[in-house]
Amino acid sequence: MLPIIDKQTRLLVIAPHPDDETISAGGLLQQVRDAGGDIRIWLLTDGDNNPWPQRWLERRVWIGAEGRRRWGMRRRREVVGALRTLGLAPEQLEGFSWPDMGLTRQLKTDHEAMLDLLGARLRAWRPNTVVLPDLGDHHPDHGVAHVLLRLALAREGLAPCLLTYLVHGGALAGAGDVLALSPGQQATKREAMESHTSQTALSGARMRQLVERPEVFTVLPGHWAAQGRQLPWQPASWLHPWLRLTVADGSGVRSWRWGDAPMLEDEARPTLRPEACAGPGPRFAKLHMDIPSPWIFDVWGWCELA
Ligand SMILES: [Zn+2]
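Definitions and cut-offs
Residues numbered from 1 in each chain as written. Predicted model: local features only at pLDDT ≥ 70, side-chain atom pairs only at ≥ 80, totals over all residues. Heavy atoms only, no water. Donors = N, O, S within 2.8 Å, 3.2 Å for Na, K, Ca; no water. Buried < 20%, exposed > 50% of the residue type's maximum accessible area, 1.4 Å probe, protein only. Pairing = 2+ DSSP bridges. Helix = DSSP H or I, 4+ residues; strand = E, 2+ residues; numbered from the N terminus. Axes fitted to C-alpha atoms, helices over the stretch in contact; angles between N-to-C directions. Contact = heavy atoms within 4.5 Å. Domains from an automatic or database assignment. Buried area = accessible area lost by both parts, 1.4 Å probe. Salt bridge = Lys/Arg side-chain N within 4 Å of Asp/Glu carboxyl O. Polar contact = N/O pair within 3.5 Å; in protein donor to acceptor, adjacent residues only side chain to side chain.

1. A short note on the coordination of the zinc ion
On the protein side, the zinc ion has His17 (ND1), Asp20 (OD), Asp20 (OD) and His142 (NE2) as donor atoms, found 2.1 to 2.8 Å from it. In terms of primary sequence, the donors binding the zinc ion are separated according to H-x2-D-x121-H. By the burial criterion, His17 is buried, and Asp20 matches it.

Quick look at the structure:
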């Protein structure tokens, strides 16, 4: 059941990219604002690694570092515009400017600094409701955003109500609670989406479809309930040389080639050895391909371990 929204609500919305705030919670943000609650939106990346819309709108093929920076600034202005339409002030947005399409890599190389920063912000803001991407979202920045927030909250000993949302991947449709929006709130949400002109220019129909979907949240713990140390994947053996397994928990982040990962032998399904995930919880594992690919979405993604 969704939490009660009132003036005690201290809502934190985690948006990996500009536009996630509107797609996932454009109605919820209005409802919390109208109830007199307080709101912060944390934007993890500036959405600057977004070459196809940029090529299209800027009429250029090559995009260098300066071009990416410019695109990120544009998208930051678009979020501010969307939030203004939703009745929020620019000061309610905080941008982290972490690498777009690079959050998983950064988790592996720099998780301490990431968790330190998130932890400091969480201690300062102390949300009682956190809206964050679903662990099962197929966009790699979304899945890892879930992992980062869960690890940071656990490290700070904070236990707000957690509501997850899914943007990419439809397998969970109908699995959560729908937030009912009034026709006026839906219209305002639609109008907010129009601020994201960098996205609507090339993919207008898709963006508008996303914004018309019901606002569905899963209250954690939900369908991704932790499942022991058994992994949900059995990849074909010919793929093994290209696969990596990553485990993230309260003791850090470890990564192995699939064939070198510490698994129990003689199990029907791949199962991690106890020492591979003995750190303080929560604990997560990800299976992914270790080769550059134009396909950006996760094939296997993350799971939560007990
Ligand atoms: Zn996103």
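Having seen the model, we can carry on.
2. Here's the deal with the sheet that holds strand β10 (residues 283-289)
Sheet strands pair via backbone hydrogen bonds, and the direction of the pair is either parallel or antiparallel. Strand order across the open sheet formed by four strands is β9-β8-β10-β11, with antiparallel pairing between neighbours. The strands lining the two open edges of the sheet, one partner per strand, are β9 (252-257) and β11 (301-305). Between one strand axis and the next, the sheet turns through 20 degrees on average, direction left out of account. Inspection of the sheet shows strand β8 (residues 243-249) paired to β9 by six bridges, in the antiparallel sense. Each bridged residue has a counterpart across the sheet, and for Arg244 the counterpart in β9 is Arg257. In the packing of helix α4 (residues 103-125) onto the sheet, contacts are made with β8, β9, β10 and β11, and the angle to β9 comes to roughly 115 degrees. Running over the sheet, helix α5 (residues 140-156) touches β8, β10 and β11 and is turned about 160 degrees from β10.

3. Details of the domain arrangement of the protein
Along its sequence, the protein is carved into domain 1 (10-219) and domain 2 (237-305). Between domain 1 and domain 2, the C-alpha centre-to-centre distance is 26 Å. With 18 residues of domain 1 at the contact, the number on the domain 2 side is 18 residues. Across the interface of domain 1 and domain 2, roughly 1,500 Å² is buried in total on both sides, 72% from carbon and sulfur atoms. Per-residue buried area on domain 1 facing domain 2 is highest for Lys108, Leu135 and Leu151; these three make up 34% of the total on that side. For the pair domain 1 and domain 2, the number of links is one salt bridge. With a shortest N-O distance of 2.9 Å, Glu304 and Arg150 are connected by a salt bridge. Where domain 1 meets domain 2, there are two residue pairs in polar contact (both at pLDDT 80 or more). For the side of domain 1 that touches domain 2, the secondary structure elements donating two or more residues are α4 and α5.

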